[in-house]
Amino acid sequence: MLRGPPRDGCAANSQHDHTVEICRQAEEAGQDSDLGLGHCANALAEAGDVTQAEALAAKLDRLRPEDTLNQEVHLPLIRSIIERQRGNAVKAVDLLAPVTQYEQGKSDVPYYRARAYLAAGEHAKAAAEFEKLIGHRGWLEWEVFAPLAQLGLARAYAMQGDREKSRKAYDDFFTTWKDADPDTPTLRQAKAEYKKLTATASVAASASRKKQ
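We now turn to the structure provided with this report.

### Focus on the packing of helix H5 (residues 89-96) against helix H6 (residues 108-119)
- Direction vectors running N to C along H5 and H6 enclose 150 degrees, while the axes themselves pass 8 Å from each other. Taken as axis vectors, H5 and H6 run roughly antiparallel relative to one another. Crossing of H5 against H6: the hand is left-handed. The residues of H6 that touch H5, namely those facing Ala89, Ala92, Val93 and Leu96, are Val109, Tyr112, Arg113, Ala116, Tyr117 and Ala119.
- Split by residue class, the contact of H5 with H6 holds 9 nonpolar, no polar and 1 charged.

Put into structure tokens, the structure is as follows:
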């Protein structure tokens, strides 16, 4: 069973401040692990702090210039998120193309590739990546990324005009996050999207009945 976020989910700016603080404390303690730097850079990039994310990516690059996992997976992933945040969706997709041979068993790569496809308007490709992730329960961090992939899938279907599949994916996401704090920004946004989707479907159904 998928798990949703904790009940005490915080607002986006609080999450960003918390991430920055954790990263700062880790740096002061000299805990410049590959994993720590990578996670911090990803989180900062997702929060929109691309300058800090770039700085951490550069640091990771300097510390581990010959590490295959960092050079072929972690750094392209961070840079892809940064480019997507800057509005360079096609470049964000291209950065993850070479990662394919190293990504087996990793949930984050298909998730962020799908996000890049979505931003680039490649909705069918985005849906395929989200579905691939959802279907591989044994992958690393699957329980973290699979619920978010359900939401991404709902959005991809909506952008393709497939209201029925989109509604089903939203329902799956809401079921997974049924115990989440209702003020969690991601959940509030998803509910707003769902409301708009169902309202549009009702208008379309009404118009169809009038034509008959």
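Still more to cover.
### Here we look at the environment of Ser107
- Along the chain, Ser107 falls in the loop between H5 and H6.
- Residue Ser107 is classed as buried on the basis of its relative accessible area of 0%.
- A sequence separation of 30 residues divides Ser107 from Arg137, and the C-alpha atoms of the two residues are 9.3 Å apart.
- Setting aside residues no more than four positions away along its own chain, Ser107 makes contact with Leu133, Trp139, Leu140, Glu141, Trp142 and Phe145.

### Quick notes on the pattern of salt bridges
- The final tally for this structure, using the stated rule, is 15 salt bridges.
- Here Arg115 makes a salt bridge to Glu46, at a shortest N to O gap of 3.2 Å. Residue Arg115 is located in helix H6, and its partner Glu46 is located in helix H2 (residues 34-46); the two are separated by 69 residues in the primary sequence.
- A relative accessible area of 23% means that Arg115 is categorised as partly exposed.
- Via salt bridges that share partners, Glu54, Glu83, Arg86 and Lys91 belong to a single interconnected network.

### Let's talk about the side chain of Asn70
- Note on placement: Asn70 falls in helix H4 (residues 68-85).
- Its relative accessible area of 0% is what places Asn70 among the buried residues.
- Of the polar contacts made by the side chain of Asn70, one reaches the side chain of His74; its length is 2.8 Å.
- Residues within four places of Asn70 in sequence aside, it is in contact with Asp34, Leu60, Arg64, Leu75 and Pro76.

### Some words on helix H7 (residues 123-134)
- With 12 residues, H7 ought to run about 16 Å at 1.5 Å a step, and its terminal C-alpha atoms sit 16 Å apart, in line with that.
- The set of residues buried in H7 consists of Ala126, Ala127, Glu129, Phe130 and Leu133. Mapping the buried residues of H7 onto a view down its axis gives an arc of 165 degrees, with all of them on the same face.
- Each element contacted by the buried residues of H7 is listed here: H6 and helix H8 (142-160).

Reading guide: rules and limits
Residues numbered from 1 in each chain as written. Predicted model: local features only at pLDDT ≥ 70, side-chain atom pairs only at ≥ 80, totals over all residues. Heavy atoms only, no water. Axes fitted to C-alpha atoms, helices over the stretch in contact; angles between N-to-C directions. Helix = DSSP H or I, 4+ residues; strand = E, 2+ residues; numbered from the N terminus. Parallel < 35°, antiparallel > 145°, perpendicular 65-115°, else oblique. Left-handed = near helix turned anticlockwise from the far one by under 90°. Contact = heavy atoms within 4.5 Å. Nonpolar A, V, L, I, M, F, W, Y, C, P; charged D, E, K, R; others polar. Buried < 20%, exposed > 50% of the residue type's maximum accessible area, 1.4 Å probe, protein only. Salt bridge = Lys/Arg side-chain N within 4 Å of Asp/Glu carboxyl O. Polar contact = N/O pair within 3.5 Å; in protein donor to acceptor, adjacent residues only side chain to side chain. Expected span 1.5 Å × (residues − 1). Arc of directions from axis to C-beta.

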